[in-house]
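# Observations on the model geometry
Take a look at the letters that make up each chain.
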Amino acid sequence: MVRPPVAAVAVLSSLVALGAAQAAPKVAPPTAAEWRAPAPEDVVVIDTSKGRVILELVPEVAPGHVARFQELTREGVYDGRTFFRVIDRFMAQTGDPDDTGEGGTKKPNLKAEFTFRRDAATPFVAAAAPAGTEVGLLKSLPVVSQAWSWAQVTSDKKVSAWGTYCPGVVGEARDEDVDSANSQFFLMRQPYPSLDKRYTAFGRVLVGLDVVRAIKTGEPVAAPQDRMIKVRLLADIPPAERPSVRVVDAASPWFKAEIARKRAARGADFSVCDLDLAVDVR
(Lines give C-alpha, C1' and ligand atoms only; values in the text may rest on other atoms or scores of the structure.)
Protein backbone atom coordinates (compact mmCIF):
# COMPACT_ATOMS: atom_id res chain seq x y z
CA MET A 1 0.00 0.00 0.00
CA VAL A 2 1.41 3.31 -0.99
CA ARG A 3 2.85 5.66 1.40
CA PRO A 4 2.64 9.41 1.30
CA PRO A 5 6.01 10.39 -0.19
CA VAL A 6 8.72 12.15 1.75
CA ALA A 7 9.97 15.06 -0.33
CA ALA A 8 12.11 18.08 0.36
CA VAL A 9 9.71 20.95 1.03
CA ALA A 10 9.75 24.21 2.92
CA VAL A 11 8.08 23.34 6.22
CA LEU A 12 5.84 26.02 7.69
CA SER A 13 6.21 26.92 11.36
CA SER A 14 3.66 25.14 13.53
CA LEU A 15 1.51 26.91 16.05
CA VAL A 16 3.36 25.08 18.82
CA ALA A 17 6.71 26.41 17.64
CA LEU A 18 5.23 29.86 17.19
CA GLY A 19 3.93 29.86 20.73
CA ALA A 20 7.39 29.23 22.08
CA ALA A 21 8.76 32.20 20.18
CA GLN A 22 5.96 34.73 20.72
CA ALA A 23 3.87 35.54 23.75
CA ALA A 24 0.24 35.64 22.64
CA PRO A 25 -1.85 38.41 24.21
CA LYS A 26 -4.53 37.35 26.66
CA VAL A 27 -7.99 37.35 25.12
CA ALA A 28 -11.46 36.77 26.44
CA PRO A 29 -12.74 33.19 26.00
CA PRO A 30 -15.48 32.46 23.45
CA THR A 31 -19.02 33.11 24.57
CA ALA A 32 -21.52 30.26 24.86
CA ALA A 33 -23.02 31.20 21.49
CA GLU A 34 -19.64 30.97 19.74
CA TRP A 35 -19.24 27.22 20.22
CA ARG A 36 -20.61 24.47 17.97
CA ALA A 37 -21.16 20.81 18.75
CA PRO A 38 -19.93 18.61 15.85
CA ALA A 39 -22.33 15.91 14.67
CA PRO A 40 -21.69 12.84 16.87
CA GLU A 41 -21.40 10.65 13.74
CA ASP A 42 -18.51 12.84 12.57
CA VAL A 43 -16.48 12.72 15.79
CA VAL A 44 -14.06 9.81 16.23
CA VAL A 45 -12.62 8.87 19.61
CA ILE A 46 -9.41 6.86 19.27
CA ASP A 47 -7.97 5.39 22.44
CA THR A 48 -4.33 4.57 21.70
CA SER A 49 -1.48 3.08 23.67
CA LYS A 50 -0.16 6.65 24.04
CA GLY A 51 -3.44 8.32 25.01
CA ARG A 52 -6.68 9.58 23.53
CA VAL A 53 -7.05 11.25 20.13
CA ILE A 54 -10.32 12.87 19.02
CA LEU A 55 -10.91 13.58 15.32
CA GLU A 56 -13.56 15.48 13.42
CA LEU A 57 -14.52 14.03 10.04
CA VAL A 58 -15.62 16.56 7.39
CA PRO A 59 -17.99 14.90 4.89
CA GLU A 60 -18.35 18.12 2.88
CA VAL A 61 -14.86 17.63 1.45
CA ALA A 62 -14.76 13.84 0.95
CA PRO A 63 -18.09 12.10 1.54
CA GLY A 64 -16.93 8.71 0.26
CA HIS A 65 -13.89 8.59 2.51
CA VAL A 66 -15.84 9.74 5.54
CA ALA A 67 -18.52 7.11 4.94
CA ARG A 68 -15.85 4.38 4.62
CA PHE A 69 -14.10 5.51 7.81
CA GLN A 70 -17.39 5.47 9.71
CA GLU A 71 -18.23 2.04 8.29
CA LEU A 72 -14.88 0.49 9.21
CA THR A 73 -14.98 2.07 12.65
CA ARG A 74 -18.39 0.59 13.34
CA GLU A 75 -17.21 -2.82 12.12
CA GLY A 76 -14.26 -2.72 14.54
CA VAL A 77 -11.68 -2.95 11.76
CA TYR A 78 -9.51 -0.25 13.32
CA ASP A 79 -9.46 -1.73 16.83
CA GLY A 80 -5.98 -2.98 17.71
CA ARG A 81 -4.29 -1.67 14.55
CA THR A 82 -0.66 -0.66 14.89
CA PHE A 83 1.05 2.52 13.76
CA PHE A 84 3.43 0.74 11.40
CA ARG A 85 4.98 3.71 9.59
CA VAL A 86 5.71 6.87 11.55
CA ILE A 87 8.03 9.62 10.37
CA ASP A 88 9.05 12.51 12.57
CA ARG A 89 8.07 15.95 11.19
CA PHE A 90 5.71 14.14 8.81
CA MET A 91 2.95 11.69 9.73
CA ALA A 92 1.82 8.50 11.52
CA GLN A 93 0.21 5.80 9.35
CA THR A 94 -2.18 3.06 10.49
CA GLY A 95 -5.46 1.38 9.51
CA ASP A 96 -4.06 -1.76 7.84
CA PRO A 97 -5.95 -4.91 8.94
CA ASP A 98 -2.71 -6.86 8.34
CA ASP A 99 -0.51 -4.33 10.21
CA THR A 100 2.09 -4.62 7.44
CA GLY A 101 1.46 -1.54 5.33
CA GLU A 102 0.48 -3.73 2.37
CA GLY A 103 -3.03 -4.77 3.35
CA GLY A 104 -6.60 -3.54 3.16
CA THR A 105 -10.17 -4.76 3.49
CA LYS A 106 -12.16 -6.68 0.90
CA LYS A 107 -14.33 -3.65 0.29
CA PRO A 108 -14.02 -1.87 -3.07
CA ASN A 109 -11.30 0.73 -3.27
CA LEU A 110 -12.33 4.36 -3.01
CA LYS A 111 -12.41 6.93 -5.77
CA ALA A 112 -10.04 9.81 -5.13
CA GLU A 113 -11.61 12.89 -3.55
CA PHE A 114 -8.59 15.17 -3.76
CA THR A 115 -10.74 18.26 -4.40
CA PHE A 116 -14.35 19.25 -3.89
CA ARG A 117 -16.69 21.91 -5.22
CA ARG A 118 -17.82 24.55 -2.77
CA ASP A 119 -20.82 26.80 -3.18
CA ALA A 120 -22.28 29.72 -1.28
CA ALA A 121 -23.77 27.36 1.32
CA THR A 122 -20.49 25.58 2.12
CA PRO A 123 -19.45 26.56 5.67
CA PHE A 124 -16.02 27.79 4.61
CA VAL A 125 -14.52 30.73 6.51
CA ALA A 126 -11.75 32.56 4.67
CA ALA A 127 -8.74 33.78 6.64
CA ALA A 128 -6.60 35.20 3.82
CA ALA A 129 -6.53 35.50 0.04
CA PRO A 130 -3.00 34.84 -1.23
CA ALA A 131 -2.24 34.82 -4.98
CA GLY A 132 -5.83 34.67 -6.18
CA THR A 133 -6.85 31.86 -3.81
CA GLU A 134 -8.59 31.82 -0.45
CA VAL A 135 -7.36 29.91 2.60
CA GLY A 136 -9.37 29.25 5.72
CA LEU A 137 -11.32 26.62 7.62
CA LEU A 138 -14.25 24.38 6.77
CA LYS A 139 -15.37 23.34 10.23
CA SER A 140 -11.99 22.29 11.69
CA LEU A 141 -10.27 21.41 8.42
CA PRO A 142 -7.80 23.87 6.85
CA VAL A 143 -8.76 24.41 3.23
CA VAL A 144 -7.37 26.10 0.14
CA SER A 145 -9.90 27.28 -2.43
CA GLN A 146 -10.16 29.11 -5.69
CA ALA A 147 -11.21 32.69 -5.07
CA TRP A 148 -14.99 32.90 -4.75
CA SER A 149 -15.14 35.42 -7.60
CA TRP A 150 -14.53 32.53 -10.02
CA ALA A 151 -18.02 31.19 -9.21
CA GLN A 152 -19.40 33.90 -11.48
CA VAL A 153 -17.92 32.18 -14.55
CA THR A 154 -18.22 28.48 -13.69
CA SER A 155 -21.11 26.46 -15.10
CA ASP A 156 -22.15 25.13 -11.68
CA LYS A 157 -21.57 28.43 -9.84
CA LYS A 158 -19.09 26.67 -7.58
CA VAL A 159 -15.31 26.77 -7.13
CA SER A 160 -12.71 24.07 -6.52
CA ALA A 161 -11.24 23.60 -3.03
CA TRP A 162 -9.16 21.04 -1.15
CA GLY A 163 -7.98 20.19 2.34
CA THR A 164 -4.41 21.26 3.01
CA TYR A 165 -2.00 19.18 5.06
CA CYS A 166 -1.49 21.08 8.29
CA PRO A 167 -0.67 19.37 11.62
CA GLY A 168 -3.44 17.01 12.70
CA VAL A 169 -5.04 16.63 9.27
CA VAL A 170 -6.30 13.12 8.49
CA GLY A 171 -5.40 11.78 5.05
CA GLU A 172 -6.06 8.50 3.24
CA ALA A 173 -3.15 6.33 2.08
CA ARG A 174 -3.26 4.85 -1.40
CA ASP A 175 -1.25 2.91 -3.96
CA GLU A 176 0.14 4.35 -7.20
CA ASP A 177 -3.38 4.22 -8.63
CA VAL A 178 -5.13 7.38 -7.44
CA ASP A 179 -8.33 5.37 -6.90
CA SER A 180 -6.74 2.70 -4.70
CA ALA A 181 -7.47 4.02 -1.18
CA ASN A 182 -9.14 1.40 1.02
CA SER A 183 -8.65 1.48 4.80
CA GLN A 184 -5.21 2.87 5.64
CA PHE A 185 -4.96 6.46 6.81
CA PHE A 186 -2.42 8.80 8.34
CA LEU A 187 -2.36 11.61 10.88
CA MET A 188 -0.11 14.57 10.19
CA ARG A 189 2.50 15.32 12.83
CA GLN A 190 3.66 18.50 11.05
CA PRO A 191 2.57 20.56 8.01
CA TYR A 192 3.35 19.04 4.61
CA PRO A 193 1.62 20.94 1.79
CA SER A 194 3.24 18.85 -0.96
CA LEU A 195 0.53 16.25 -0.25
CA ASP A 196 -2.23 18.66 -1.25
CA LYS A 197 -4.43 17.37 -4.11
CA ARG A 198 -2.48 14.10 -4.16
CA TYR A 199 -4.00 12.38 -1.12
CA THR A 200 -7.58 12.77 0.10
CA ALA A 201 -7.85 14.87 3.26
CA PHE A 202 -11.07 14.27 5.17
CA GLY A 203 -10.71 15.30 8.81
CA ARG A 204 -8.54 16.76 11.53
CA VAL A 205 -7.37 16.01 15.05
CA LEU A 206 -9.28 18.13 17.57
CA VAL A 207 -7.56 16.78 20.67
CA GLY A 208 -4.42 14.66 21.02
CA LEU A 209 -1.90 16.03 18.53
CA ASP A 210 0.67 15.58 21.31
CA VAL A 211 -0.32 11.90 21.39
CA VAL A 212 0.20 11.56 17.64
CA ARG A 213 3.62 13.14 17.99
CA ALA A 214 4.55 10.76 20.82
CA ILE A 215 4.08 7.58 18.74
CA LYS A 216 7.28 5.62 18.13
CA THR A 217 8.88 6.45 14.78
CA GLY A 218 10.22 4.14 12.10
CA GLU A 219 9.86 3.37 8.39
CA PRO A 220 8.69 0.77 9.09
CA VAL A 221 8.46 0.90 12.88
CA ALA A 222 10.58 -1.90 14.37
CA ALA A 223 8.36 -4.23 16.43
CA PRO A 224 5.54 -1.65 16.62
CA GLN A 225 3.87 -1.48 20.01
CA ASP A 226 1.89 1.73 19.59
CA ARG A 227 -1.60 0.98 18.38
CA MET A 228 -5.20 2.11 18.29
CA ILE A 229 -6.72 0.11 21.12
CA LYS A 230 -10.32 1.15 20.50
CA VAL A 231 -11.83 3.36 17.79
CA ARG A 232 -15.43 4.58 18.16
CA LEU A 233 -17.75 7.18 16.75
CA LEU A 234 -18.98 9.55 19.44
CA ALA A 235 -22.54 8.64 18.48
CA ASP A 236 -21.90 5.00 19.40
CA ILE A 237 -20.34 5.55 22.83
CA PRO A 238 -22.76 4.81 25.70
CA PRO A 239 -24.10 8.06 27.19
CA ALA A 240 -22.57 7.37 30.59
CA GLU A 241 -19.03 7.38 29.16
CA ARG A 242 -19.50 9.63 26.13
CA PRO A 243 -17.36 12.78 26.28
CA SER A 244 -18.93 16.13 25.51
CA VAL A 245 -17.10 17.72 22.57
CA ARG A 246 -17.52 21.25 21.33
CA VAL A 247 -15.41 23.40 19.01
CA VAL A 248 -15.34 27.14 18.61
CA ASP A 249 -17.27 28.13 15.48
CA ALA A 250 -14.89 29.32 12.74
CA ALA A 251 -17.55 31.87 11.70
CA SER A 252 -17.81 33.33 15.20
CA PRO A 253 -16.63 36.85 16.10
CA TRP A 254 -14.16 35.30 18.55
CA PHE A 255 -12.46 33.28 15.83
CA LYS A 256 -12.48 36.13 13.33
CA ALA A 257 -10.61 38.15 15.96
CA GLU A 258 -8.26 35.19 16.42
CA ILE A 259 -7.52 35.20 12.68
CA ALA A 260 -6.70 38.91 12.89
CA ARG A 261 -4.39 38.30 15.85
CA LYS A 262 -2.53 35.51 14.12
CA ARG A 263 -2.17 37.46 10.90
CA ALA A 264 -0.80 40.46 12.80
CA ALA A 265 1.66 38.28 14.70
CA ARG A 266 2.90 36.35 11.68
CA GLY A 267 2.83 39.08 9.07
CA ALA A 268 4.00 37.88 5.66
CA ASP A 269 4.71 34.42 7.13
CA PHE A 270 1.05 33.80 8.02
CA SER A 271 -0.28 30.37 7.04
CA VAL A 272 -3.64 28.71 7.50
CA CYS A 273 -1.67 26.13 9.51
CA ASP A 274 -1.19 28.83 12.17
CA LEU A 275 -4.90 28.66 13.00
CA ASP A 276 -6.05 26.33 15.75
CA LEU A 277 -9.66 26.15 16.88
CA ALA A 278 -10.39 26.16 20.58
CA VAL A 279 -11.79 22.79 21.67
CA ASP A 280 -13.62 21.92 24.88
CA VAL A 281 -13.90 18.27 25.93
CA ARG A 282 -15.56 17.21 29.17
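In what follows, the structure referred to is the one given above.
Now for a look at the structure at hand.

Each value, and the rule that gives it
- Residues numbered from 1 in each chain as written.
- Predicted model: local features only at pLDDT ≥ 70, side-chain atom pairs only at ≥ 80, totals over all residues.
- Heavy atoms only, no water.
- Disulfide = S-S within 2.5 Å.
- Helix = DSSP H or I, 4+ residues; strand = E, 2+ residues; numbered from the N terminus.
- Buried < 20%, exposed > 50% of the residue type's maximum accessible area, 1.4 Å probe, protein only.
- Expected span 1.5 Å × (residues − 1).
- Pairing = 2+ DSSP bridges.
- Axes fitted to C-alpha atoms, helices over the stretch in contact; angles between N-to-C directions.
- Patch = residues over 30% accessible without salt bridge, like charges linked within 9 Å, V, L, I, M, F, W, Y side chains within 5 Å.
- Areas by Shrake-Rupley, 256 points an atom, 1.4 Å probe, with all protein chains shown as cover.
- Salt bridge = Lys/Arg side-chain N within 4 Å of Asp/Glu carboxyl O.
- Lys, Arg positive; Asp, Glu negative; His and termini not counted.
- Charge placed at Lys NZ, Arg CZ, Asp CG, Glu CD.

### Focus: the state of the cysteines
- Scanning the model with the defined rule gives one disulfide in all.
- Between the sulfur atoms of Cys166 and its disulfide partner Cys273 the distance amounts to 2.0 Å. With the S-S dihedral at roughly -85°, the linkage between Cys166 and Cys273 falls on the left-handed side. With Cys166 in the loop between β10 (159–163) and β11 (169–172) and Cys273 in the loop between α4 (253–266) and β16 (279–281), this residue pair connects regions lying 107 residues apart in the sequence.
- For Cys273, a relative accessible area of 5% corresponds to the buried category.

### Describing unusual backbone geometry
- Backbone torsion omega between Glu219 and Pro220 reads 0°, so that peptide bond is classified as cis.
- With respect to the helices, strands and loops of the structure, Pro220 is situated in the loop between α3 (209–214) and β14 (228–233).
- Phi at Ala131 takes a positive value of approximately 50°, unusual for a residue other than glycine.
- Checked against the element boundaries, Ala131 lands in the loop between β7 (124–128) and β8 (133–138).

### Examining helix α2 (residues 63–74)
- Spanning twelve residues, α2 covers 16 Å between terminal C-alpha atoms, matching the ideal 16 Å at 1.5 Å per step.
- Regarding α2, the residues found buried are His65, Val66, Arg68, Phe69, Gln70, Leu72 and Thr73.

### Describing the sheet that holds β8
- Strand order in the open sheet formed by five strands is β6-β10-β9-β8-β7, with antiparallel pairing between adjacent strands. Each edge of the open sheet carries a strand with a single partner, namely β6 (116–118) and β7. Ignoring strand direction, the axes of neighbouring strands in this sheet form an average angle of 40°.
- Relative to β10, β6 runs antiparallel, the two sharing three bridges. Counted as the bridge partner of Phe116 is Ala161 from β10.

### Here's the deal with a negative patch on the surface
- Together, Glu102, Asp175, Glu176 and Asp177 make up a negatively charged patch on the protein surface.
- When you line up the elements, Asp177 lands in the loop between β11 and β12 (185–188).

### A word on the pattern of salt bridges
- This model, assessed by the stated rule, comprises 23 salt bridges.
- Glu56 is the salt-bridge partner of Arg36, the closest N and O atoms lying 2.9 Å from each other. Residue Arg36 is found in strand β1 (residues 35–36), and its partner Glu56 is found in strand β3 (residues 51–57); the two are separated by 20 residues along the sequence. Accessibility assignment for this pair places Arg36 and Glu56 in one class, buried.
- Lys107 is paired through a salt bridge with Glu75; the nearest N and O atoms lie 3.0 Å apart. In this pair, Lys107 sits in the loop between β5 (91–94) and β6 while Glu75 sits in the loop between α2 and β4 (85–87), placing the two residues 32 residues apart along the sequence.

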